[in-house]
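These are the residues of each chain, in order.
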Amino acid sequence: MSEPFIRVEHVKKYFDAGNKKCVKALDDVSLEVYRGEILGIVGESGCGKSTLGRCIMRLTEITDGKIIMDGKDIFSLSKKEMKEMRRKSQMVFQNPYSSFNPKHTIGRSLTDVAKLFGMTNAEAKEDISNLLGLISLDESVLSRRPGELSGGQLQRLAIARALITKPVFILADEPVSALDVSVQAQILNLIFDLKQQFDQTMMFISHDLPVVEHICDRIVVMYLGAIMEMGSVDDIFSDTRHPYTKALIASKPRSSPDEPVPEVELKGDLPNAMEMPEGCRFHTRCPHCIPGKCDAAAPLLKEVSPGHFCACYLRQKEKTSESLPVQNGFEVKDIRKKETTL
Amino acid sequence: MSELVQINHLKVDLMSISGLIHAVRDINLTISSDEIHGIVGESGCGKSMTAKSILRLHDESKVEYSGEILYDGGRDILKMNKKDLLKIRGNDISMIFQDPMTTFNPLLRIGDQISEALLIHQKISKAEAKERSVEMLEKVGILPGAARYSMYPFEMSGGQLQRASIAMSLICSPRLLIADEPTTALDVTMQAQILKLMKQLQREMHSAVLIITHNFGVIAEICDKVSVMYAGQIIESGDVRKIFSAPCHPYTKDLIDSIPRSGERATKLTSIPGAPPKLNHTINGCAYAPRCKYAAEKCCCEAPEFRTLDGGHRYLCHLAHDSLTKGGATE
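Visitor: Mind showing me how you'd approach the overall build of chain A here?
Guide: The number of helices and strands found in chain A is 10 helices and 14 strands. Scaling as 2.2 N^0.38, a compact globule of 342 residues should have a C-alpha radius of gyration of about 20 Å, and chain A matches this with 21 Å. Each principal axis of the C-alpha distribution contributes one length, and for chain A these read about 65 × 55 × 45 Å. Burial status across chain A gives 58% buried among its 342 residues. Considering only contacts in chain A between residues 6 or more positions apart, those separated by 24 or more positions represent 65%. Of the roughly 14,600 Å² of accessible surface on chain A, 50% is carried by carbon and sulfur atoms.

Visitor: Would you take a moment to explain the overall build of chain B for this structure?
Guide: Check the secondary structure of chain B and you find 13 helices and 12 strands. In terms of its C-alpha atoms, chain B occupies a principal-axis envelope of roughly 65 × 50 × 40 Å. Counting only residues that meet the buried cut, chain B has 53% of its 331 residues in that class. Long-range contacts, defined here as pairs at least 24 residues apart, represent 64% of the contacts in chain B between residues at least 6 apart. Carbon together with sulfur atoms contributes 52% to the accessible area of chain B, which is approximately 14,500 Å² in total. Charge-centre separation for chain B: the mean point of 38 positive side chains lies 2 Å from the mean point of 39 negative side chains.

Visitor: What is the right way to read the nonpolar core from this model?
Guide: Counting 70 residues, the largest nonpolar core has V140(B), I166(B), I211(B) and Y251(B) as the members making the most contacts within it. Apart from the residues within four sequence positions on either side, I166(B) is in contact with I96(B), V140(B), I194(B), L197(B), M198(B) and L201(B). The next biggest cluster of nonpolar side chains, apart from the first, holds 61 residues, and it includes L149(A), I170(A), L188(A) and C286(A).

Visitor: Sorry, what's going on with the pairing of strand 4 (residues 63–71) of chain B here?
Guide: The side chains of a regular strand alternate between the sheet's two faces. Residues and elements named next belong to chain B. The sheet contact formed by strand 1 (residues 3–16) and strand 4 spans eight bridges and is antiparallel. Residue K11 lies in a different strand from strand 4, and its bridge partner there is S66. The pairing of strand 4 with strand 5 (residues 75–76) spans two bridges and is antiparallel. Across the sheet, the residue bridging to Y71 is R75, located in strand 5.

Visitor: Sorry if this is basic, but what is going on with the interface of chain A and chain B here?
Guide: Reports of interface size often rely on the accessible area that becomes lost once the parts have come together. Across the boundary between the two partners, chain A contributes 36 residues, which contact 39 residues of chain B. Both sides together, the interface formed by chain A and chain B hides about 3,400 Å², and carbon and sulfur atoms give 49% of it. At the surface where chain A touches chain B, the tally comes to three salt bridges. Across the pair R254(A) and E221(B) runs a salt bridge, and its minimum N-O distance is 3.2 Å.

Visitor: Explain the side chain of Q90(A) to me, please; I cannot follow it from the model alone.
Guide: All names here are of chain A. Note that Q90 resides in strand 6 (residues 89–92). For Q90, the side chain forms a polar contact with the main-chain oxygen of R86, separated by 3.0 Å. Residues in contact with Q90, not counting those within four places in the same chain, are M57, F117, R161, A162, T165, P167, F169, I170 and L171.

Visitor: Looking at this structure, I do not really get helix 2 (residues 79–88) of chain A. What am I missing?
Guide: An α-helix turns once every 3.6 residues. As a result, residues three or four positions apart point the same way. Residue and element names in this part refer to chain A. The set of residues buried in helix 2 consists of M82, M85 and K88. Seen end-on, helix 2 carries its buried residues on one side only, within an arc spanning 110°. Of the exposed residues in helix 2, the ones pointing more than 90 degrees away from its buried face are K79 and K80. Contacts from the buried residues of helix 2 go to strand 1 (4–16), strand 4 (64–69), strand 5 (72–73), strand 6 and strand 7 (169–173).

Visitor: Explanation requested: the confidence of the model for chain A in the structure shown.
Guide: As a note on interpretation, predicted positions should not be read in detail where pLDDT is low. Chain-level statistics for chain A give a pLDDT mean of 86 and a share of 91% at 70 or above. Under a pLDDT of 50 for its full length, residues 318–342 of chain A has, in the predicted model, 46 contacts with residues more than four places off or in other chains.

Visitor: Would you mind showing me how to read the packing of aromatic side chains here?
Guide: For any pair of aromatic rings, geometry is given as the distance between the ring centres together with the angle between the planes. Residues and elements named next belong to chain B. As enumerated under the stated definition, the model contains nine aromatic pairs over all chains in all. An angle of 85° between the planes, with centres 5.2 Å apart, marks the rings of Y230 and Y288 as edge-to-face. Linking Y230 in strand 9 (residues 225–230) with Y288 in the loop between helix 11 (250–257) and helix 12 (297–301), this pair joins segments that are 58 residues apart in sequence. Take Y230 and Y288: they sit in the same class, and that class is buried. Aromatic side chains Y251 and Y288 sit 5.0 Å apart centroid to centroid with 65° between the ring planes, which places their arrangement in the edge-to-face category. Here Y251 is found in helix 11, whereas its partner Y288 is found in the loop between helix 11 and helix 12, with 37 residues between them in sequence. Y288 shares its class with Y251; the two are buried.

Visitor: I keep staring at the sheet that holds strand 7 (residues 176–180) of chain B and nothing clicks. Help me out?
Guide: Residues and elements named next belong to chain B. With mixed pairing, the eight strands of this open sheet are ordered in space as 6-7-8-3-9-10-12-11. Two strands bound the open sheet, and with one partner strand each, they are strand 6 (93–96) and strand 11 (306–308). Neighbour-to-neighbour, the strand axes of this sheet turn through a mean angle of 20°, independent of strand direction. Note that strand 10 (residues 233–239) and strand 12 (residues 314–316) share two bridges and pair antiparallel. Across the sheet, S237 pairs through a bridge with R314, a residue of strand 12. Lying on the sheet, helix 7 (residues 158–170) is in contact with strand 6 and strand 7; it crosses strand 6 at an angle near 170°.

Visitor: Mind showing me how you'd approach the pairing of strand 11 (residues 302–305) of chain A here?
Guide: Bridge count between strand 11 of chain A and strand 12 (residues 308–310) of chain A: three bridges; the pairing is antiparallel. Bridged to K302(A) within strand 12 of chain A is C310(A).

Visitor: Looking at this structure, how should I read the side chain of D187(B)?
Guide: Within the fold, D187(B) resides in the loop between strand 7 and helix 8 (188–205). Buried and unpaired, D187(B) has K49(A) as its nearest opposite-charge partner, separated by 5.7 Å. At a separation of 2.6 Å, a polar atom in the side chain of D187(B) contacts the side chain of S45(A). With residues near it in sequence (within four places) discarded, D187(B) still touches E44(A) and S45(A).

Visitor: Looking at this structure, how should I read the confidence of the model for chain B?
Guide: Overall, the predicted model of chain B reaches an average pLDDT of 89, with 97% of residues at or above 70. Ignoring residues within four places in sequence, the model shows residues 327–331 of chain B, a span with pLDDT below 50, making 11 contacts including any to other chains.

Visitor: Mind showing me how you'd approach unusual backbone geometry here?
Guide: Look at the link from L143(B) to P144(B): it is a cis peptide, with omega at -15°. The phi torsion at D70(A) lies on the positive side, around 55°, for a residue other than glycine. Phi angles above zero are rare outside glycine, and H9(B) is one such case at about 45°. Along the chain, H9(B) falls in strand 1. Residue H9(B) is classed as partly exposed on the basis of its relative accessible area of 47%.

Visitor: What's the story with the packing of helix 3 (residues 106–116) of chain A against helix 4 (residues 121–134) of chain A in this structure? I'm lost.
Guide: The relative placement of two packed helices is expressed as an angle between their axes plus a distance between the axes. Residues and elements named next belong to chain A. The interhelical angle for the contact between helix 3 and helix 4, taken along N-to-C directions, is 125°, at an axis separation of 10 Å. In this view, helix 3 runs oblique relative to helix 4, as classed from their interaxial angle. The way helix 3 lies across helix 4 gives a crossing that is right-handed. Contact with helix 3, carried on its side by L110, T111, A114 and K115, involves N121, A124 and I128 of helix 4 and no other residues of that element. Classifying every residue of the contact of helix 3 with helix 4 by side-chain character gives four nonpolar, two polar and one charged.

Calculation criteria
- Residues numbered from 1 in each chain as written.
- Chains lettered and ligands numbered in written order.
- Predicted model: local features only at pLDDT ≥ 70, side-chain atom pairs only at ≥ 80, totals over all residues.
- Heavy atoms only, no water.
- Helix = DSSP H or I, 4+ residues; strand = E, 2+ residues; numbered from the N terminus.
- Rg over C-alpha atoms; globule rule 2.2 N^0.38 Å.
- Buried < 20%, exposed > 50% of the residue type's maximum accessible area, 1.4 Å probe, protein only.
- Contact = heavy atoms within 4.5 Å.
- Areas by Shrake-Rupley, 256 points an atom, 1.4 Å probe, with all protein chains shown as cover.
- Lys, Arg positive; Asp, Glu negative; His and termini not counted.
- Charge placed at Lys NZ, Arg CZ, Asp CG, Glu CD.
- Core = buried A, V, L, I, M, F, W, Y, C linked by side-chain atoms within 4.5 Å.
- Pairing = 2+ DSSP bridges.
- Buried area = accessible area lost by both parts, 1.4 Å probe.
- Salt bridge = Lys/Arg side-chain N within 4 Å of Asp/Glu carboxyl O.
- Polar contact = N/O pair within 3.5 Å; in protein donor to acceptor, adjacent residues only side chain to side chain.
- Arc of directions from axis to C-beta.
- pLDDT = per-residue confidence, 0-100.
- Phe/Tyr/Trp six-rings, centres within 6.5 Å; stacked < 30°, edge-to-face > 60°.
- Axes fitted to C-alpha atoms, helices over the stretch in contact; angles between N-to-C directions.
- Parallel < 35°, antiparallel > 145°, perpendicular 65-115°, else oblique.
- Left-handed = near helix turned anticlockwise from the far one by under 90°.
- Nonpolar A, V, L, I, M, F, W, Y, C, P; charged D, E, K, R; others polar.

This is the structure:
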């Protein structure tokens, strides 16, 4: 695989919750986004997937760690360099209705972005008309306002707006969850086109497993602010290692009533993020929890097969060597060791 | 199986700033006791409007009903007086809503809100009502019931609150439970738990369930029968296995095909071009014709009629039932 465009290194993001408590929205997360791939981030609400996205876009500051984009630490960039970085990395949000200014025409919303990044009127016009062709919309939408368009049309325009700056990387945070299934298919097909035609690098945040399975190359499964499993689509769906990933796959609704009912079922609720369970954060709901081990210390994220990482004691037996996995020159460090010193 | 609720030619018109909206356009639907019936459709297709009409929950100064909704073989809910209607609401027919966070009054204890329904509809003492509410809470998996009885809504998570709202709606052993998008606000793991619980309770209590959803997965998971709605009409209805294995209406087929399936990677999905029609004017011909790839000239001007197949499977289309599998439009 090619070099990573983004490297997230041991990122922590803690939110102060008062009473000397804090919510560990991200707790030592490390991952890479390679050029030309679509990386999917899945997990239940509250697992930190959107926070991770916001950190990568520098929409919020991080507590600890580093985010390297295109070889530069984004938190040490000057204002001018940051603007260039913003050109390279664009974002598409969940709700298309609130991502456009309702008082501006679509044309103005799009040209504003183009002008902000130094395009002339003529260049902007040409670019926009090319993009409209790509998302199969008519030029007549340019004179309309968001209220006159449907959710699907607006979401396609939001993607077009993100493409105006010719970004290297697009972060899509739940881009289809506010849409109906028929419209969802249009957006997924469009993303699929972008990948095929332009090798677009993307990070796709979603809670919907079938959607992620459909369009992503690699998948990161998160639970309560940490990575549980990470690997290629085949690794995650055909060689599932972590009990949480298994449970997540088993809980997705069947696509037809004739499909067999999966056996694994997840009991209970997500623990309170302010009182994180000791040991493996999943042990309170895990059907395979080993008392005395899983509730004592958290398992490390280890490589179980090339490029496939899993943080679970049970699934790592095959791996005899105790060494920490090394990928692209940096270690995936022991999460717990760091925390005891905190 | 007896017919519990029979909806005949229901039309619901909504007064809005932009004029009259025909939200529900002539619906016939029968819900039998002891079955789980699903209504599925995209936003704005009138599925929630239909469900709420059964309990007449709309603001009646802005909504006009016509047709009839017969409850238990005779009484028309649409013509009932307020007193009789209140006897039915919560007692014979109850409802679960999409957002569990707004179902409960945030200032009252969960348990008291559950026993309130018992105290209104049944002649029992407060102590008895509390006892039964605690039992019900434990039945839906909120343990220990006695301690949770006195909790406030904010102390519970979304999934637990949805369980509590199921307890609240089932406390009077209703004959019909209407669930309007009961799992949309929840995570998949919680959705699986709630659906399993609903199915189990339905089997135990022998009540009918009408479930409203936009998610075909939910339908596949728990329904016996399903009705697909589009632009205020039911366009196909029948046994859930039949609809999934051999849909007859092009819309149903397109909708099922547009869902990403596990195992199918990096392929293009079927997407439906265009958008559903606006419902503020009359629709000539078939409402789906402008988006339908099988549409013929006839479809745009002449409204289709229901075709009926074996086992109560019916659909609203000019096409013969086997033409979708053959892949071409005949007739």
